[in-house]
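Inside the fold
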Amino acid sequence: MDFRPAGSTDLSEAEKAEIETIRQHREELLEDIKKLKEQIAEVFAEIECFQNGDERQEADNNPGKQTSKLSQRDKLLSLGRKKFNMDPAKGIQYLIEHQVLSSDLQEIAKFLHKGEGLNKAAIGDYLGGRDPTNIQILQAFVACHEFAHLNLVQALRQFLWSFRLPGEAQKIDRMMEAFANWYCKCNPGVFQSTDTCYILSFSIIMLNTSLHNPNVKDKPPFERFVSINKGIDNGGDLPEELLKNLFESIKNEPFSIPEDDGNDLTHTFFNPNREGWLLKLGGRVKTWKRRWFILTDNCLYYFEYTTDKEPLGIIPLENLSVRKVDDPKKPNCFELFIPNCKGQKIKACKTDGDGKVVEGKHQSYKISAATPAERDEWIEAIRMSITQDPFYDLVSARKKKIASKN
């Protein structure tokens, strides 16, 4: 499919770059979906292998029984990893039930830390769970890292390489809390409290984004880094030399994002935040059309049919807001819009009648649900998904905690 934005001569360079990014993202999604189908086919093939009674009987009668058992365990381990990448909790349960893993939390944590064949995002999602068992496994997982005599940036590099941080603020909070506790235990006396380590860790992660994200034009100087970390050490300031070393380390070398070792299995359309049928009002031609919507990865995708491989349109939710609206023709409506920017087009894309990806024409998107309850659920899900950096809220809350102590 060619990518030729309609009216591209009217677009700014930034808008053209943004549409090109959407195009590349779309191609990556299609490739990921193809790989996912191949993996599912492999899983079914392995299941058929396990169900083959003749094979099991032959293995029992074979003098090389130990080799057979080892081969069977490898197959179970391979299938368990694939199950983990699709649903982490079910994958762990499968491995325990088939005695590939024991129920010992330390063993599970070491399995995740080793990470062979496991999707890094799935590891992060599992470790961030709020169940007491997940929290204990998280603590054991963090303890697998050797942080002694490392500065905070070095420790964060090691920690953030072993999984991918999930997008949910509560999960990030639990994971960074565990990191701060273990770092301070490994390096007593570096900080006066784990709250200091927690806040500074977030500051470093945000600094990494600000310094190395090409979309951030205003690169923060060292003085700003010092300013935002004033008073975080139980009301006192951290040594400027310590902050300088951390700043220069990130400036000279950004954090590396791990390449997934889970055969590139992605959750894009496989595990959406929400999906269902909705009516969408056209942009240029004001007609209502029924579309299958999928909310995932901070984007709203819509399809003509549930079986379609490619979306008709993609609406990135960054910088958008959502609200209830009334419409004379359709009930239970809500609207996606750009706050405080009346008349500005939403930066989205869609497929035209010739199969080309073109720029969307909407200044807002009006959508109708079947019931008031369904409308409210979609609004809440979209609000939760709209791109916001959760780090700022987490850091702000922890700073207030320190201020209340002093």
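Reading guide: rules and limits
Residues numbered from 1 in each chain as written. Predicted model: local features only at pLDDT ≥ 70, side-chain atom pairs only at ≥ 80, totals over all residues. Heavy atoms only, no water. Buried < 20%, exposed > 50% of the residue type's maximum accessible area, 1.4 Å probe, protein only. Helix = DSSP H or I, 4+ residues; strand = E, 2+ residues; numbered from the N terminus. Arc of directions from axis to C-beta. Phe/Tyr/Trp six-rings, centres within 6.5 Å; stacked < 30°, edge-to-face > 60°. pLDDT = per-residue confidence, 0-100. Contact = heavy atoms within 4.5 Å. Salt bridge = Lys/Arg side-chain N within 4 Å of Asp/Glu carboxyl O. Core = buried A, V, L, I, M, F, W, Y, C linked by side-chain atoms within 4.5 Å. Axes fitted to C-alpha atoms, helices over the stretch in contact; angles between N-to-C directions. Parallel < 35°, antiparallel > 145°, perpendicular 65-115°, else oblique. Left-handed = near helix turned anticlockwise from the far one by under 90°. Nonpolar A, V, L, I, M, F, W, Y, C, P; charged D, E, K, R; others polar. Patch = residues over 30% accessible without salt bridge, like charges linked within 9 Å, V, L, I, M, F, W, Y side chains within 5 Å. Areas by Shrake-Rupley, 256 points an atom, 1.4 Å probe, with all protein chains shown as cover. Lys, Arg positive; Asp, Glu negative; His and termini not counted. Charge placed at Lys NZ, Arg CZ, Asp CG, Glu CD. Expected span 1.5 Å × (residues − 1). Polar contact = N/O pair within 3.5 Å; in protein donor to acceptor, adjacent residues only side chain to side chain. Pairing = 2+ DSSP bridges.

**A short note on helix 4 (residues 88–97)**
All of the buried residues along helix 4 are Pro88, Gly91, Ile92, Tyr94 and Leu95. Buried residues of helix 4, viewed axially, fall in a sector of 160°; they line one side. Opposite its buried face, helix 4 presents the exposed residues Lys90 and Glu97, each directed more than 90 degrees away. With its phi angle positive at about 60°, Gln99 sits one or two positions after the end of helix 4.

**Re the packing of aromatic side chains**
Scanning the model with the defined rule gives 13 aromatic pairs in all. Ring geometry for Phe84 versus Tyr126: centroids 6.1 Å apart, planes at 65°, classification edge-to-face. Of this pair, Phe84 sits in helix 3 (residues 65–86) while Tyr126 sits in helix 6 (residues 120–127), and the two are 42 residues apart along the sequence. One exposure class covers both Phe84 and Tyr126, and it is buried. For the pair Phe293 and Tyr302, a centre-to-centre distance of 5.6 Å together with 35° between the ring planes defines the contact as tilted. Judged by relative accessible area, which is 5%, Tyr302 ranks as buried.

**Regarding the confidence of the model for the chain**
Residue-level pLDDT values for the chain average 82, and 82% of them are 70 or greater. Contacts from residues 1–8, a stretch scored under 50 in pLDDT, to residues over four places away or in other chains number 22 contacts. Note on residues 261–268: pLDDT under 50 across the span, and 28 contacts to partners over four residues away in sequence or across chains.

**Observations concerning the pattern of salt bridges**
Counted by the stated rule, this structure contains 13 salt bridges. Between Asp173 and Arg398 there is a salt bridge, and its shortest N-O distance comes to 3.6 Å. Residue Asp173 is found in helix 9 (residues 169–186), and its partner Arg398 is found in helix 14 (residues 390–405); the two are separated by 225 residues along the sequence. When its relative accessible area of 23% is taken as the criterion, Asp173 is described as partly exposed.

**Focus on the nonpolar core**
With 63 residues, the main nonpolar core has Leu112, Leu152, Phe159, Met176, Phe179, Leu200 and Ile204 as its most contacted residues. Residue contacts for Phe159: discarding those within four places in its chain leaves Phe141, Val142, His145, Phe147, Met175, Met176 and Phe179. In terms of nonpolar packing, the next biggest core, distinct from the first, is built from 22 residues, Phe293, Leu295, Ile315 and Ile346 among them.

**Looking at the packing of helix 5 (residues 105–114) against helix 7 (residues 132–142)**
Where helix 5 contacts helix 7, the two axes come as close as 8 Å, and the packing angle between them is 60°. The angle between the axes of helix 5 and helix 7 places the two elements in the oblique class. Handedness of the helix 5/helix 7 crossing: right-handed. Together, Leu105, Gln106, Ile108, Ala109, Leu112 and His113 of helix 5 and Thr133, Gln136, Ile137, Ala140 and Phe141 of helix 7 make up the contact between the two elements. Classifying every residue of the contact of helix 5 with helix 7 by side-chain character gives 7 nonpolar, 4 polar and no charged.

**Digging into a positive patch on the surface**
A cluster of basic residues, Arg284, Lys289, Lys345, Lys350 and Lys361, forms a positive patch on the protein surface. Mapped onto the fold, Lys289 is located in strand 2 (residues 288–296). Lys289 gets classed as partly exposed once you look at its relative accessible area, which sits at 44%.

**Re the environment of Glu15**
Tracing the backbone through its elements, the reader meets Glu15 in helix 1 (residues 13–50). For Glu15, a relative accessible area of 24% translates into the label partly exposed. The sequence separation of Glu15 and Glu359 amounts to 344 residues, and the corresponding C-alpha distance is 9.7 Å.

**Considering helix 10 (residues 194–212)**
Helix length check: helix 10, at 19 residues, gives a terminal C-alpha distance of 27 Å against a target of 27 Å (1.5 Å per residue), a fit within 8%. For helix 10, the capping residue at the N-terminal end is Ser193, with a side-chain oxygen 3.3 Å from the backbone nitrogen of Asp195.

**A few points about the environment of Glu359**
For Glu359, the location among the structural elements is in strand 8 (residues 357–359). Relative accessible area serves as the criterion here: at 13%, Glu359 is assigned to the buried category. Between the C-alpha atom of Glu359 and that of Ile19, which follows or precedes it by 340 residues, the distance is 7.6 Å.

**A closer look at the sheet that holds strand 3 (residues 299–303)**
Backbone hydrogen bonds are what pair the strands of a sheet, in a parallel or an antiparallel way. The strand order 5-6-9-1-2-3-4-7-8 describes an open sheet built from 9 strands, whose pairing is antiparallel. Every other strand in the sheet has two partners, leaving strand 5 (321–325) and strand 8 as the edge strands with one partner each. Strand-to-strand twist in this sheet, taken as the mean axis angle between neighbours without regard to direction, amounts to 30°. By the bridge criterion, 5 bridges tie strand 6 (residues 333–337) to strand 9 (residues 364–368) in an arrangement that is antiparallel.

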